[in-house]
Amino acid sequence: MDMLYRVNPKNQDKISQLGFGCMRLPKKGTQIDIEKTTKLIESAIEQGVNYFDTAYIYGGSEEALGKALSNKGLRDKVKVSTKMPIILCRSGADFDKFFLRQLDRLKTDRIDYYFMHMLCDIASLERLKSFGLFEWIENKKREGKIINIGFSYHGGKIEFKNILDAYDWDFCMIQYNYMDENNQAGRDGLLYANKKGLPVFIMEPLRGGTLVNALPKLAKDVFMSANKERSLAEWSFRWLWNQKEVTMVLSGMNEFSQLDENIKTASDADVGCLAEDEFKVYKKVLEAVNRAIKIPCTGCGYCLPCPQGVDIPTCFSCYNETYSHKYSAGLGRYFLTTGTMSVNQSNASKCVKCGKCERHCPQRIEISKHLSEVSKRMEFFWFKPATAIARRVMKIKN
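The rules we used
- Residues numbered from 1 in each chain as written.
- Predicted model: local features only at pLDDT ≥ 70, side-chain atom pairs only at ≥ 80, totals over all residues.
- Heavy atoms only, no water.
- Core = buried A, V, L, I, M, F, W, Y, C linked by side-chain atoms within 4.5 Å.
- Buried < 20%, exposed > 50% of the residue type's maximum accessible area, 1.4 Å probe, protein only.
- Contact = heavy atoms within 4.5 Å.
- Axes fitted to C-alpha atoms, helices over the stretch in contact; angles between N-to-C directions.
- Helix = DSSP H or I, 4+ residues; strand = E, 2+ residues; numbered from the N terminus.
- Parallel < 35°, antiparallel > 145°, perpendicular 65-115°, else oblique.
- Nonpolar A, V, L, I, M, F, W, Y, C, P; charged D, E, K, R; others polar.
- Pairing = 2+ DSSP bridges.
- Right-handed = clockwise from strand over helix to strand, strands pointing away.
- Salt bridge = Lys/Arg side-chain N within 4 Å of Asp/Glu carboxyl O.
- Arc of directions from axis to C-beta.
- Phe/Tyr/Trp six-rings, centres within 6.5 Å; stacked < 30°, edge-to-face > 60°.
- Lys NZ or Arg CZ within 6 Å of the ring centre and 35° of its normal.
- Expected span 1.5 Å × (residues − 1).

K.L.:
Looking at this structure, how should I read the nonpolar core?
P.N.:
The nonpolar side chains of a soluble globular protein tend to be buried, and buried together. Counting 84 residues, the largest nonpolar core has Phe20, Met84, Met116, Phe151 and Trp169 as its most contacted members. Other than its neighbours up to four places away in sequence, tryptophan 169 contacts Lys10, Met116, Leu119, Leu125, Ile149, Gly150, Phe151, Ile163, Leu164 and Leu198. In terms of nonpolar packing, the next biggest core, distinct from the first, is built from 20 residues, Tyr319, Cys357, Leu371 and Val374 among them.

Below you can see the structure in the form of structure tokens.
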């Protein structure tokens, strides 16, 4: 098996189309199992994986990756990416504080792909800009400590394009899979970034495992009927690698069986790997999943922009996920993607029932009514005071 690579159109880097996500490394008790992690990473590199992703807030992950790469000259064989915890930045001085700590943890003198972590709205970028972010980035790039600068994104379609246009980014990363083709940045965002010449990295190809562990039985049966030899994970990865605009797909692998299976797929699946009848399989799966949802939103975005800033498609998608997959998965994504910790929140309770969205909805959905349902299901009595306290601690202003 030979790993397939894709070329970064910005700098011609050859990047393995399967990247190693280090958020969920194997544990021994409550701590990361360094010995097993090191063996997993070494095995991944031996089989062609050359991109490793971590973040400041992934407890112990940067240190574990640093230790694994510090032996056998492995650091210079791979691209290392990590992320600035922008939610913790209260002044420009914090940029160096966190960055230098990350270099120390990773035992390296440079970061190949450095992210602004969870940059989800233009207001948050303006806040960072006021701290001198752009000047700081340019300085670090001149010093050779940051090779490429980008951002990871959880938010709506409009803000994604606004952020892309606000700076000369080197790359970006979005949540994208066959269930989220019209959610968050979606395929529209993928194509927009690609048109600007940016490599696009993909996170959550399995939606945190829910496309394997929490898919409705009817949907699983559709996949199994089409190909009994193909796993649910392989179906997900093939859908992504079939698209030429996708540069690299991250996967959090904490077992050798997962690593071996994903590498096997990554050594075979490429642009054009899906046959016409296989696209029909995905369509049937989506139809099976949609039978479990409550709000028939297609994520088209015609209801946007909301005068109050509500990200209507994302609110509905998270709400539906609590029924079609797991309640906890949908709730967690709701907190993350509606900007709970961003400058501009976009959660359902901001709706004032003005009705503007409903006049533009091609599905004729009673949007205001359903947003009230979303608010009741997702925003408990402690939601507003808890987020207000958290935002005050983080010094995030509306």
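Now that the structure is up, let's keep going.
K.L.:
Looking at this structure, how should I read the packing of helix H14 (residues 327-337) against helix H15 (residues 367-378)?
P.N.:
Packed helices, taken two at a time, are described by their axes: the angle between them and the distance between them. It is the contact of H14 with H15, at a shortest axis distance of 11 Å, that shows an interaxial angle of 105°. When the interaxial angle is binned, H14 and H15 end up roughly perpendicular. Across the interface between the two elements, Tyr327, Gly330, Leu331, Tyr334 and Phe335 of H14 pack against Val374, Arg377 and Met378 of H15. Across the contact of H14 with H15, the residue classes tally to six nonpolar, one polar and one charged.

K.L.:
Please clarify how the pairing of strand E8 (residues 111-116) should be interpreted in this entry.
P.N.:
Looking along a regular strand, one sees side chains alternate from face to face of the sheet. Among the six residues in E8, six count as buried, and that is most of the element. Pairing between strand E7 (residues 79-84) and E8: four bridges, direction parallel. Within the sheet, the bridge partner assigned to threonine 82 lies in E8 and is tyrosine 114. Following the backbone out of E7, through helix H3 (residues 93-106) and into the adjacent parallel E8, one traces a crossover that is right-handed. Looking at chain direction, E8 and strand E9 (residues 146-153) are connected through five bridges and run parallel.

K.L.:
Honestly, the side chain of serine 346 in this entry has me stumped. Any pointers?
P.N.:
Structurally, serine 346 is set in the loop between H14 and H15. Sequence-distant contacts of serine 346, that is, excluding residues within four places in its chain, are made with Gly309, Val310, Asp311, Cys315, Thr337, Thr338 and Gly339.

K.L.:
Please explain the pattern of salt bridges as it appears in this structure.
P.N.:
Pairing between side chains becomes possible if they bear opposite charge and their charged atoms approach one another. As enumerated under the stated definition, the model contains 31 salt bridges in all. For glutamate 143, the salt bridge identified is with lysine 140, shortest N-O distance 3.9 Å. Through salt bridges with shared partners, a single network forms among Arg75, Asp76, Asp109, Arg110 and Asp112.

K.L.:
Please explain helix H11 (residues 256-266) as it appears in this structure.
P.N.:
An α-helical segment advances 3.6 residues per turn. Residues three or four places apart therefore align on the same side. Turning to H11, its buried residues number three or more, namely Leu259, Asn262, Ile263, Thr265 and Ala266. The buried side chains of H11 occupy one side of the element, clustering within an arc of 160° when seen end-on. Residues of H11 that are exposed and point over 90 degrees away from its buried face: Ser257 and Lys264. Against strand E3 (18-21), helix H1 (34-46), helix H10 (232-241) and strand E12 (246-252) lie the buried residues of H11.

K.L.:
What's the story with the packing of aromatic side chains in this structure? I'm lost.
P.N.:
The geometry of an aromatic ring pair comes down to the distance between the two centres and the angle between the two planes. Enumeration according to the criterion identifies 28 aromatic pairs in this entry. Summarising the aromatic geometry, the rings of phenylalanine 99 and tyrosine 114 are spaced 5.1 Å apart at their centres and angled 80° between planes, so their arrangement reads as edge-to-face. In this pair, phenylalanine 99 sits in helix H3 while tyrosine 114 sits in strand E8, placing the two residues 15 residues apart along the sequence. We classify phenylalanine 99 as buried; its relative accessible area is 0%. Here tyrosine 114 falls in the buried class, since its relative accessible area comes to 0%. Measuring from ring centre to ring centre gives 5.2 Å for phenylalanine 237 and tryptophan 241, while their planes differ by 15°; the resulting arrangement is stacked. Of this pair, phenylalanine 237 and tryptophan 241 both sit in helix H10, four residues apart, which is roughly one turn of the helix. Summarising the burial analysis for this pair, phenylalanine 237 and tryptophan 241 share the class buried. Within the aromatic cluster, the residues linked to one another by ring pairs are Phe134, Phe151, Tyr153, Phe160, Tyr167 and Trp169. The ring of tyrosine 323 is capped by lysine 294, whose NZ or CZ atom sits 4.9 Å from the centre of that ring. In this structure, arginine 377 is placed above the aromatic ring of tyrosine 323, and the distance from its NZ or CZ to the ring centre is 4.0 Å.

K.L.:
Could you clarify how one ought to interpret unusual backbone geometry in this entry?
P.N.:
A negative phi angle is the norm for most residues apart from glycine, just as the trans form is the norm for most peptide bonds. Along the chain, leucine 304 connects to proline 305 via a cis peptide bond; the corresponding omega equals 0°. Position of proline 305 relative to the elements: it lies in the loop between helix H12 (276-290) and helix H13 (312-324). A positive phi angle, close to 60°, is found at lysine 353, a residue other than glycine.

K.L.:
What exactly am I supposed to notice about H12 here?
P.N.:
Spanning 15 residues, H12 covers 22 Å between terminal C-alpha atoms, matching the ideal 21 Å at 1.5 Å per step. Within H12 the residues assigned to the buried category are Glu278, Val281, Tyr282, Val285, Ala288 and Val289. Down the axis of H12, the buried side of the element spans an arc of 120°, and every buried residue falls inside it. For H12, exposure combined with an orientation more than 90 degrees from the buried face picks out Glu276, Lys280, Lys283 and Lys284. Against the buried residues of H12 lie helix H9 (217-226), H10 and H13.

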